[in-house]
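Spelled out from the first residue to the last, the chains are:
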Amino acid sequence: AAGGGQLARRLRTEGPSCPPSPRHPEAPMIEIRVPGEAVSATVKVVRLGKFSGIRKGSAAEAWEGRIATAAQAARGSLPLIEGPVVVSVLILAALPKTQARKRAPRPEAWKVTKPDVDKIARCVLDALTGVVYGDDAQVCALDLRKRVAAQGAPAETIIRVAALTDADGNGVSRGEVSEGDER
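I will try to describe carefully the structure that is included in this document. (Residues numbered from 1 in each chain as written. Predicted model: local features only at pLDDT ≥ 70, side-chain atom pairs only at ≥ 80, totals over all residues. Heavy atoms only, no water.)

For strand 4 (residues 85-93), the buried fraction is high: nine of the nine residues fall into the buried class. Side chains Val85, Val87, Val89, Ile91 and Ala93 project from strand 4 onto one buried face, and the interleaved Val86, Ser88, Leu90 and Leu92 project onto a second face that is buried too. The pairing of strand 4 with strand 6 (residues 139-148) spans nine bridges and is classified as parallel. When the bridges of strand 6 are listed, Ile91 appears paired with Lys146. With eight bridges joining them, strand 4 and strand 7 (residues 156-163) adopt antiparallel strand pairing. Bridging across to strand 7, Val85 finds its partner in Ala163. (Buried < 20%, exposed > 50% of the residue type's maximum accessible area, 1.4 Å probe, protein only. Helix = DSSP H or I, 4+ residues; strand = E, 2+ residues; numbered from the N terminus. Pairing = 2+ DSSP bridges.)

Turning our eyes to something else, we now look at the environment of Ala127. Tracing the backbone shows Ala127 in helix 3 (residues 117-128). Take Ala127: its relative accessible area is 6%, and that puts it in the buried class. Remark: the alpha-carbon pair of Ala127 and Glu61, spanning 66 residues in sequence, is separated by 8.8 Å. Apart from the residues lying within four places of it in its own chain, the contact partners of Ala127 are Glu64, Ile67 and Ala68. (Contact = heavy atoms within 4.5 Å.)

The structure is reproduced here in structure tokens:
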């Protein structure tokens, strides 16, 4: 708990940038900026007779379309990324007008309200499928952060995508697990 204060202080003062990610040093990083508020992928089960399917809300589909368009522009003429991929996402939500202050503008802060990060991740990964990489199953590392933008700053989503190599794994490989640690 001694280092907890330092971590909290570092996280509070962290600027609006995506966290560093383990990636291949020679692989190009694609940075995608999507203006506007993030939307979660609320899924509805639709039944038509004996058939059923899953459908996302229209707001989520529109946001996915904006992400895909921005990703296509950011990727340019680069080919689709093959192999393992790392994705870093920073959601900056607009500060609610009720929280604005005139004398001391509010700084950036963690967003602890909806939309949920898992639903945002689903939208982002689905939108990038077929545009930046072939399949979202290629995503082996994902870092998603939700923040409220500093007062006066616009809402936006910043996404960084890059290829990974086997040497990038930060965890323990199966061969390095001792006998007492096996599960």
